[in-house]
Amino acid sequence: MPDNAPRTIVPLAIAPALLHWYDHNARDLPWRARPGSNAPDPYRVWLSEVMLQQTQVASVIPYFDKFTRAWPTVEALAASEDADLMAAWAGLGYYARARNLLACAREVARRGEFPDTEAGLRELPGVGGYTAAAIAAIAFGRRAVVVDANVERVVSRLFALEEALPGAKARIYALTDTITPELRSGDFAQAMMDLGSGICTARSPKCLLCPLRAHCAGFAGGTPERFPIKSAKPPKPQRHGTMFWLERDGRVLLVRRPDKGLLGGMRALPTGPWADSPPRLEGAPAAAGWQLLDEQVSHGFTHFNLDVALAAATIAAHAGAALPGEWWPVADLESAGLPTVFAKAARTFRRRLCAQ
DNA sequence: GACCCGTGGGG
DNA sequence: TCCCCAAGGGT
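Since this is a predicted model, take the numbers as computed values, not measurements.

> Can you tell me about the UniProt feature "domain: HhH-GPD" (unreviewed entry) in chain A, naming the residues and giving the values?
In the numbering used here, UniProt assigns the "domain: HhH-GPD" (unreviewed entry) feature to residues 51–198. Between the first and last C-alpha atoms of residues 51–198 the distance is 19 Å; the span itself is 65% helix and 0% strand.

Written out as structure tokens, the structure is:
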């Protein structure tokens, strides 16, 4: 071990150094209490934490602003229509979060307030271990051990943890417990995330700017970017599908996807099955003179990549009345709240069908 | 524990 | 271009 290595990590020295740094370097984010104001609004903390699950701050901010303008309180959100909320969430991803968000808002509105303990929060739909701890600490001033991907990375480096994720999660939680202060654990958690986001980054960490450098075994060892060690991931399979553009009198047929599963509950273009090989016109919403475009759309999901063929047809204004779905004005598709893969396909359809 | 579930940014 | 990654939760 190099001469500059700390002989032992001193857990109690970490929080004061980090909180001092945070007091001078905290990011100004819309869900954080402004200096001099009261404690943050639990509704805004909860909403931001759900939006931030596996999603970066820059992606969340416009959605957070839109949601808090449309629904300023949890009671207002609880009174919203499912379709309005799902459409507002479109593009943010992980759509089960939106379904759970509404269920949670209705539960909280029925109770009259948010639970103010970690265990109580953990019972809410869409609130897991991380989110319950974060809300308890940030909104209610409870001492809680908050572990997200930032904390996993920072702690792995602080302790030069050789055990690989995800197996190391229990060990990381225990180590985080040893450095979490009794007071200001909410600020401590947010400070860890700001540090992970801006300094202790996954690649090329900025150790010379780090307030915890003197306490970091990873830095002392010379290769902090080696941590956290992760087990290898299997490759993503390639799948294929077809989307159908059925137009009638200036409108296009949209359907609602089943509540469970991929893109559950979202508006969508009709699709056939998603299979290992191109399913061609299988699953078309109607018998029609389908024309295959000579252009495809590709999209990556969490666990597979998708290539989509595009089939278009036009039917007469008096036809297709019995088809399930909505005939949506083509000129107003942006307001339909389509998930990104369908928005991509719709843009391609419109470009190719109008440009000929 | 394994698997499912989106999206956009950055190297 | 491609791969990695992110303020995780549900089943």
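> An account of the environment of glutamate 75 is requested, with residue identities and associated values reported.
Here glutamate 75 shows up in helix 4 (residues 74–78). For the pair glutamate 75 and glutamate 113, spaced 38 residues apart in sequence, the C-alpha to C-alpha distance is 9.6 Å.

> I'd like a description of the protein's contact with DNA strand B, backed by residues and values.
Neighbouring DNA strand B are 19 residues; Tyr95, Leu263, Thr302, His303 and Thr340 lie closest to it. For DNA strand B, the fraction of protein-proximal atoms (within 4 Å) that sit in sugar or phosphate groups is 60%. At a separation of 3.1 Å, a sugar or linking oxygen of DNA strand B approaches a polar backbone atom of tyrosine 94. At 2.8 Å from a phosphate oxygen of DNA strand B is found a main-chain nitrogen or oxygen belonging to threonine 340. Elements that contribute at least two residues to the surface near DNA strand B include exactly strand 5 (297–300) and helix 13 (340–355). Its residues assigned to classes, the surface near DNA strand B comprises 8 nonpolar, 10 polar and 1 charged.

> Talk me through the nonpolar core; I want residue IDs and the actual numbers.
Within the largest apolar cluster, 73 residues are counted, with the highest numbers of intra-cluster contacts made by Trp46 and Phe67. When residues of this core are sorted by domain, at least three fall in each of domain 1 (11–226) and domain 2 (238–355). Contacts of phenylalanine 67, omitting those with residues within four sequence positions, involve Leu47, Met51, Leu85, Ala88, Trp89 and Leu101. If you look at the next biggest cluster of nonpolar residues, it comprises 30 residues, including Tyr22, Val155, Leu161 and Phe188.

> Describe in detail helix 6 (residues 96–111), supporting the description with residues and values.
The terminal C-alpha atoms of helix 6 lie 22 Å apart, and with 16 residues this matches the ideal 22 Å at 1.5 Å per residue to within 8%. Among all positions in helix 6, only Arg97, Ala98, Leu101, Leu102, Cys104, Ala105 and Val108 are buried. The buried residues of helix 6 all sit within an arc of 165° when viewed along its axis, so they share a single face. At the C-terminal side of helix 6, glycine 112 shows a positive phi close to 100°.

> Before we move on, can you summarise the protein's contact with DNA strand C with the specific residues and values?
With respect to spatial proximity, 25 residues lie near DNA strand C, and among them Leu52, Gly126, Thr131, Asp148 and Asn150 are the closest. Per the 4 Å cut-off to the protein, sugar and phosphate atoms form 68% of the nearby atoms of DNA strand C. Within the contact set of DNA strand C, a phosphate oxygen lies 3.2 Å away from a backbone nitrogen or oxygen of tyrosine 130. One of the side-chain N or O atoms of aspartate 148 is found 2.7 Å from a sugar or linking oxygen in DNA strand C. Those elements giving two or more residues to the surface near DNA strand C turn out to be helix 8 (129–140) and helix 9 (149–158).

> An account of the packing of aromatic side chains is needed here, citing residue identities and associated values.
Here the structure, examined in full by the defined rule, presents 10 aromatic pairs. On the basis of an interplanar angle of 55° and a centroid distance of 5.4 Å, the ring pair of tryptophan 46 and phenylalanine 114 is categorised as tilted. Of this pair, tryptophan 46 sits in helix 2 (residues 42–51) while phenylalanine 114 sits in the loop between helix 6 and helix 7 (118–122); the two residues are 68 residues apart in sequence, bridging distant segments of the chain. Summarising the burial analysis for this pair, tryptophan 46 and phenylalanine 114 share the class buried. By way of ring pairs, the aromatic residues Tyr43, Trp46 and Phe114 are connected into one cluster. Over the ring of tryptophan 274 we find arginine 257, and its NZ or CZ is 5.3 Å from the ring centre.

Here is what the cut-offs are and how they apply
- Residues numbered from 1 in each chain as written.
- Chains lettered and ligands numbered in written order.
- Predicted model: local features only at pLDDT ≥ 70, side-chain atom pairs only at ≥ 80, totals over all residues.
- Heavy atoms only, no water.
- UniProt positions renumbered as here; feature names shortened; annotations may be inferred.
- Helix = DSSP H or I, 4+ residues; strand = E, 2+ residues; numbered from the N terminus.
- Near = heavy atom within 4 Å.
- Polar contact = N/O pair within 3.5 Å; in protein donor to acceptor, adjacent residues only side chain to side chain.
- Nonpolar A, V, L, I, M, F, W, Y, C, P; charged D, E, K, R; others polar.
- Core = buried A, V, L, I, M, F, W, Y, C linked by side-chain atoms within 4.5 Å.
- Buried < 20%, exposed > 50% of the residue type's maximum accessible area, 1.4 Å probe, protein only.
- Domains from an automatic or database assignment.
- Contact = heavy atoms within 4.5 Å.
- Expected span 1.5 Å × (residues − 1).
- Arc of directions from axis to C-beta.
- Phe/Tyr/Trp six-rings, centres within 6.5 Å; stacked < 30°, edge-to-face > 60°.
- Lys NZ or Arg CZ within 6 Å of the ring centre and 35° of its normal.

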